[in-house]
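# Remarks on the overall topology
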Amino acid sequence: MTSEHALTQRIRELEDLLEQAERKSDILTNLLKEASAEFTQALDKVSKSEANFRSIIESAPEAIYMFDVQTRRITDCNPFTTEWLGYSRQELLGMSVEDILCPMTVGVEDNIRKALENGFVRILERQYATKSGSLVDAEVTGTVVDIQGDKYFVALVRDITERKKIETLLRYKELFQNVTDPVFICHSQGNFLEANDVACERLKYDRNELMQLSFRDIVRPSQYGLLGRIGNQVRSGEAVQCELEALTRTGEVIPFEFHSRLIEFQHKPAILSVARDISARKRMEEALIRNERLSAVGEMAAGVAHNFNNLLQMMLGAGETALAKLGTGEIRKSRDALLTLIDACHRGADIVRRIKDFTLAKTDDIDETKVFDIGELISEAVQLTRPLWANPIDLHKYHMNFTRPLDALIEGNPSELYEVLVNVIKNALEAMPDGGTLSITSCTVNGMVHLSVTDTGGGISEENLQRLFQPFFTTKGLQSSGLGLSSSYGIIKKHHGEMTVKSAPGQGTTFTIILPRASAQAKTEKNLQPIRPDLEQTKIKFLIIDDEKNILKMMALYFEDTCVELTTANTAEKGLQEICGENYDVVLCDLSMDGMNGLQLGKAAKDHADRAARLKIPFLLYTGLNEKLDPDELSRCGVDGVVRKPVPCSELQRIIQETTSKFRRGEFA
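Calculation criteria
Residues numbered from 1 in each chain as written. Predicted model: local features only at pLDDT ≥ 70, side-chain atom pairs only at ≥ 80, totals over all residues. Heavy atoms only, no water. Helix = DSSP H or I, 4+ residues; strand = E, 2+ residues; numbered from the N terminus. Buried < 20%, exposed > 50% of the residue type's maximum accessible area, 1.4 Å probe, protein only. Contact = heavy atoms within 4.5 Å. Areas by Shrake-Rupley, 256 points an atom, 1.4 Å probe, with all protein chains shown as cover. Phe/Tyr/Trp six-rings, centres within 6.5 Å; stacked < 30°, edge-to-face > 60°. Lys NZ or Arg CZ within 6 Å of the ring centre and 35° of its normal. Pairing = 2+ DSSP bridges. Core = buried A, V, L, I, M, F, W, Y, C linked by side-chain atoms within 4.5 Å. Axes fitted to C-alpha atoms, helices over the stretch in contact; angles between N-to-C directions. Parallel < 35°, antiparallel > 145°, perpendicular 65-115°, else oblique. Left-handed = near helix turned anticlockwise from the far one by under 90°. Nonpolar A, V, L, I, M, F, W, Y, C, P; charged D, E, K, R; others polar. 1 Å grid on protein atoms, 1.4 Å probe; cavity = no way out; pocket = protein on both sides within 12 Å on 5 of 7 lines; lining within 4 Å. Points joined across faces, edges and corners; volume = space filled by probe spheres on them. Expected span 1.5 Å × (residues − 1). Patch = residues over 30% accessible without salt bridge, like charges linked within 9 Å, V, L, I, M, F, W, Y side chains within 5 Å. Salt bridge = Lys/Arg side-chain N within 4 Å of Asp/Glu carboxyl O.

### Observations concerning the overall build of the protein
Within the protein, the secondary structure is distributed over 24 helices and 22 strands. Residues counted as buried form 39% of the 669 residues belonging to the protein. Contacts in the protein between residues far apart in sequence, at least 24 positions, make up 59% of those at least 6 positions apart. Working note: accessible area of the protein is about 38,500 Å², and carbon and sulfur atoms make up 54% of it.

Okay, structure coming up:
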């Protein structure tokens, strides 16, 4: 019994344990089911989060890429990155991060090290290289992530190219408006696109007016050719520096030094020009040039005196010969002597005019041109510089070789070219302080006159040779302003010629001047203006006013047997009485007279005509002064023309007849 009871008890215990195990199994099964459901829900949430995260990256409007920190190879990127840089995804995944950065980028290694230490990188500015080779500006930030034990850098890149352009434009605008010089931006064909306030102020235009103009509208017509050449140079990519004279809205002429280059403006080619007012520099240059010319004339004063003494001797001898031969009835010999005297007067007048012109600063235009023999001009320049190379103290210091060229006609301003010749000869002599040989040769080649001046001096170094024609450059120290050769170069260029120099240390120097040759026919057409036959048939009432009685006397003697009926007045007051009381065809009045000068008398004559309601008489000024008279002042005073002393009576007769003809045709207001 006892054994059965114990067994029964054990069975009950086992049944209880089994029941408990079944209950625990049910509980565990339920727990596993709950855990499985929670895991499934969590996994679903993770999948959805990853999909959302990938969707955000894929659609991000900024470049996102990831690269292995160790290998620098790009392992992932979003579509914006491929579109932005122009590469396909496959191409980018085969490249390193250095391949997409600007080749000049520095500090990449250092920034990766800092990112590993800190876990992130602060915002940096970088330039990225696109597949097409262009560079784009960007801001970069990022962080380091650990994926299965490997370090990766995830970069977020924002394109700031447009922002950079705006910042640059703002800085440019500030500089553009605050610069103290006029600044212009124009279309490649010359029309203005932009100008700063200084440009508008200096040219006296408001902005809207200036924007309707082009460069051609603000420069002198004589500079259109130069403007065209500059435009071609700039459009070809050259940076050009040049001098141009700008016209303001009121007609004022301002010399500017322009620095121009090609730029991109509003996505199109344009020309940027910065102009600097060089009025003060020009005035200083003119003063220095004038002083240098005066100094040169002073050095050659003995030559001038020699020439004039020779001319005076010719005049005196010719006058005395004419008187002597008249007394013996030898009219032909007397006439020959008088012709010699007249020729000497012409030569003296030319020397005076050229010396006066030599001492005055020139403009950029050729005011008066004529066709002349340059050989004669060279001869005069050689004679004028004679005291410098034929020193009485040492006659054998210099040897001059000069053969006057044949058939070497030039069209231009003789006085300006005379200045060039004197400058070059003077420089050549100064290059031979211990003496030497000066050779002047010339020839005509293909319609061009070549004139060479060669010295046997010490020569010029290559460095100085390149700067020889630059203003203010000199190797003579304070003895020279450095403007002689630059001024001469400008004169030759103005005459459509060339001036070159060839030299080497110890081998002397040769200056070559090349000028267009003029024909003999051009000389005849330009210099000879015969009197029209139809004008000889009509008597012309001519009034001349001059306080030099001998001039009036000679004029009266000359015109008494011509078609000109001459009346003279030796004071301005008498001249005005004649103008008011008689009807003259032409009036010629001396500019410099006591009491009332020629301009004042011209104004009085004009006012009288206005009061009397009749046509103003053609009024000509007569002067021996060489300054340039203001055209506006001449017009205000009723002056119709200027005659320079001395003038041959035959030339004066032609001027009178031409003036009368124009007046009768209604060409004078």
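On we go from here.
### Quick notes on the packing of aromatic side chains
All told, the structure shown has 11 aromatic pairs when counted by the stated rule. Each ring, one from Phe256 and one from Phe258, has its centre 5.9 Å from the other, and the planes form 65°; the classification is edge-to-face. Overall, Phe256 belongs to the buried group, its relative accessible area being 3%. When the ring of Tyr558 is compared with that of Phe559, the centres are 5.1 Å apart and the planes differ by 90°; the resulting orientation is edge-to-face. A relative accessible area of 1% places Phe559 in the buried class. A cation sits over an aromatic face here: Lys541 above Tyr584, 5.3 Å from the ring centre.

### So, the pairing of strand 2 (residues 74–77)
Relative to strand 2, strand 1 (residues 63–68) runs antiparallel, the two being bridged by three bridges. Looking at strand 2, one finds that Tyr65 is bridged to Cys77.

### Here we look at the nonpolar core
The biggest cluster of nonpolar side chains holds 39 residues, and the ones touching the most others in it are Ile374, Leu417, Leu438, Ile440 and Ile513. Only helix 13 (374–384), strand 12 (398–402), helix 15 (414–430), strand 14 (436–445), strand 15 (448–455), helix 17 (484–494), strand 16 (498–503) and strand 17 (509–516) provide two or more residues apiece to this core. Looking at which element gives the most residues to this core, the answer is helix 15, with nine residues. Residues within four places of Ile440 in sequence aside, it is in contact with Ile378, Val382, Met400, Asn401, Phe402, Thr403, Ile425, Leu451, Ser452 and Val453.

### Observations concerning the sheet that holds strand 14
A sheet is described by the order of its strands in space; here five strands give the open sequence 12-14-15-17-16, paired in mixed fashion. Each edge of the sheet is formed by a strand with only one pairing partner; in this case those strands are strand 12 and strand 16. The mean inter-strand angle of the sheet, taken between neighbouring strand axes irrespective of direction, is 15°. Relative to strand 15, strand 14 runs antiparallel, the two sharing eight bridges. In the strand pairing of strand 15, Thr444 is matched with Val449.

### Quick notes on the packing of helix 21 (residues 572–581) against helix 22 (residues 598–612)
Across the interface, helix 21 lies against helix 22 with an axial gap of 10 Å and an inter-helix angle of 20°. Classified by the interaxial angle, the pair formed by helix 21 and helix 22 is roughly parallel. Crossing handedness for the pair helix 21 and helix 22: right-handed. Residues Ala572, Leu576, Ile579 and Cys580 of helix 21 form the contact with helix 22, whose participating residues are Leu601, Ala604, Ala605 and His608. Its residues assigned to classes, the contact of helix 21 with helix 22 shows seven nonpolar, one polar and no charged.

### Some details on empty space enclosed by the protein
In total, this model carries four cavities of 30 Å³ or more according to the counting rule given. Quantified by volume, the largest cavity comes out at close to 190 Å³. Lining the largest cavity we find 14 residues, and of these Val108, Asn111, Arg126, Val140 and Phe153 sit closest to its centre. Among the elements that line the lining of the largest cavity, the one with the most residues is strand 3 (residues 120–129), at four residues. A per-class count over the lining of the largest cavity returns 12 nonpolar, one polar and one charged. Approximately 60 Å³ is the volume attributed to the second largest cavity. Considering each element in turn, the lining of the second largest cavity owes the most residues, three residues, to helix 22. For the lining of the second largest cavity, the class distribution of residues is five nonpolar, one polar and two charged.

### Observations regarding unusual backbone geometry
A cis geometry characterises the amide bond from Lys645 onward to Pro646, with omega recorded as -10°. By the element assignment, Pro646 lies in the loop between strand 22 (641–644) and helix 24 (649–664). With a phi close to 65°, Lys204 is a non-glycine residue in the positive phi region. In this fold, Lys204 is placed in the loop between helix 6 (197–203) and helix 7 (207–210). The class of Lys204 is partly exposed, set by a relative accessible area of 37%.

### Regarding helix 24
In this model, helix 24 (16 residues) spans 22 Å end to end at C-alpha, consistent with the 22 Å of a helix rising 1.5 Å per residue. All of the buried residues in helix 24 are Leu652, Gln653, Arg654, Ile655, Ile656, Gln657, Thr659, Thr660 and Ser661. One or two residues past the end of helix 24 sits Gly666, with phi positive at roughly 80°.

### A look at the environment of Val274
Here Val274 is to be found in strand 10 (residues 268–277). Of the residues examined, Val274 reaches a relative accessible area of 28% and is grouped as partly exposed. Along the backbone, Val274 and Val179 are 95 residues apart, and their C-alpha atoms lie at a distance of 9.6 Å. Setting aside its immediate chain neighbours within four residues, Val274 contacts Asp181, Pro182, Val183, Glu257, Phe258 and His259.

### A few points about a nonpolar patch on the surface
A cluster of nonpolar side chains, namely Leu323, Leu326 and Ile331, defines an oily patch on the protein surface of about 330 Å² accessible area. Within the element layout of this structure, Leu323 appears in helix 11 (residues 301–327).

### What about the pattern of salt bridges?
Taken as a whole and judged by the stated rule, the model has 22 salt bridges. With a closest N to O distance of 3.2 Å, Lys204 and Glu252 form a salt bridge. Pair noted here: Lys204 is in the loop between helix 6 and helix 7 and Glu252 is in the loop between strand 8 (240–247) and strand 9 (253–265), with a separation of 48 residues, a long-range link. On the basis of relative accessible area, Glu252 is assigned to the partly exposed category, the value being 37%. Ionic pairing is found between Glu633 and Arg636, a salt bridge with its closest N-O pair at 2.9 Å. Separated by three residues within a single helix, Glu633 and Arg636 lie in helix 23 (residues 631–636), roughly one turn from each other. On the basis of relative accessibility, which here comes to 28%, the residue Glu633 falls in the partly exposed class. A network of salt bridges, in which partner residues are shared, links Glu194, Asp197 and Arg207.

### Regarding the environment of Ile440
Structurally, the position occupied by Ile440 is in strand 14. It is 9.1 Å that separates the C-alpha atoms of Ile440 and Asp455, two residues lying 15 residues apart in sequence.

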